[in-house]
Amino acid sequence: MKSNPNLYDDYDDLKKWKAFIQPSIQEADLYSKEFNHIDFSGSYFLDIGFGSGGLLGWARQQGAIVSGVEIQEKLIKEARKAGIEVYKELKEVPSERYDIVTGFDLLEHLSLNEISLFLDEIMRITKPSGEVLFRFPNCQSSAGLINQFGDHTHVTMLSGPIVLHLMKNAGFIDISYKEAR
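Parameters and conventions
Residues numbered from 1 in each chain as written. Predicted model: local features only at pLDDT ≥ 70, side-chain atom pairs only at ≥ 80, totals over all residues. Heavy atoms only, no water. Helix = DSSP H or I, 4+ residues; strand = E, 2+ residues; numbered from the N terminus. Buried < 20%, exposed > 50% of the residue type's maximum accessible area, 1.4 Å probe, protein only. Contact = heavy atoms within 4.5 Å. Areas by Shrake-Rupley, 256 points an atom, 1.4 Å probe, with all protein chains shown as cover. Axes fitted to C-alpha atoms, helices over the stretch in contact; angles between N-to-C directions. Left-handed = near helix turned anticlockwise from the far one by under 90°. Nonpolar A, V, L, I, M, F, W, Y, C, P; charged D, E, K, R; others polar. Pairing = 2+ DSSP bridges. Right-handed = clockwise from strand over helix to strand, strands pointing away.

K.L.:
I'd like a rundown of the overall build of the protein, residues and numbers included.
P.N.:
The helix and strand tally for the protein stands at seven helices and five strands. Reading the protein from its N terminus to its C terminus gives the helix and strand order α-α-β-α-β-α-β-β-α-β-α-α. The proportion of buried residues among the 181 residues of the protein is 43%. Counting contacts in the protein only where the partners sit at least 6 residues apart, residues at least 24 apart contribute 61% of the total. When the accessible surface of the protein is summed, it comes to about 10400 Å², and 51% of that surface belongs to carbon and sulfur atoms.

K.L.:
Please provide a residue-by-residue account of the packing of helix 2 (residues 25–34) against helix 3 (residues 54–61), values included.
P.N.:
For the pair helix 2 and helix 3, interaxial distance at closest approach is 10 Å and the crossing angle is 60°. In this structure, helix 2 crosses over helix 3, and the sense of that crossing is right-handed. Within the contact between the two elements, helix 2 uses E27, A28, Y31 and S32 and helix 3 uses G54, L55 and W58. Of the residues in the contact of helix 2 with helix 3, the class split is four nonpolar, two polar and one charged.

K.L.:
Kindly report on the sheet that holds strand 2 (residues 65–69), identifying the contributing residues and their values.
P.N.:
Taken in spatial order, the five strands of this open sheet run 3-2-1-4-5, and their pairing is parallel. Among the strands making up the open sheet, the edge pair consists of strand 3 (85–87) and strand 5 (126–135). Across this sheet, the average inter-strand angle for adjacent strands is 20°, counted without regard to direction. Both strand 2 and strand 3 contribute to a ladder of three bridges, which runs parallel. When the bridges of strand 3 are listed, G68 appears paired with V86.

K.L.:
Please provide a residue-by-residue account of the pairing of strand 5, values included.
P.N.:
Note that strand 4 (residues 98–104) and strand 5 share six bridges and pair parallel. Residue pairing across strands places V101 opposite V132, the latter belonging to strand 5. With respect to chirality, the unit in which strand 4 leads through helix 5 (residues 112–125) into the neighbouring parallel strand 5 is right-handed.

K.L.:
Before we move on, can you summarise unusual backbone geometry with the specific residues and values?
P.N.:
Despite not being glycine, E96 shows a phi value in the positive range, around 45°. One can find E96 in the loop between strand 3 and strand 4. Overall, E96 belongs to the partly exposed group, its relative accessible area being 48%. Non-glycine residue D105 carries a positive phi angle of around 55°. Its relative accessible area of 34% is what places D105 among the partly exposed residues.

This is the structure:
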């Protein structure tokens, strides 16, 4: 047994990711619905905590210039093999570079203090007219609680009102949230 195991060792096995940088049919359909109000063509797109990279692959198919932030070396190597620019830390990302920034199933992996610092960095790297989209388990619903407690790396319980408050405090404007259906 390792004396200091990394919580993300073999995370791709936990998530049962088989394909990398290629969205499944279901993911592509979900992304098309989630992003139907955004024109990706020629946009600089950054996905933070990109995991299997399905969203990166989909955004590239829509014409975006894609980059990602990831901590897992295996996933970084897969993205780089696919020709995607990858950062290991958010502080490496250039200021005001991105038109679209996403963090799907990411915020719940951070403490509230880390989320506040993270949002400051998101403000720094996003263009003033850019869009930021987060997805997280809604802990005000039973379905959200199932997702929250189905992953040992989740540390913070969130809801739309909590994230809205944190984003307002970080200086974001024109903020809205919607619950999954």
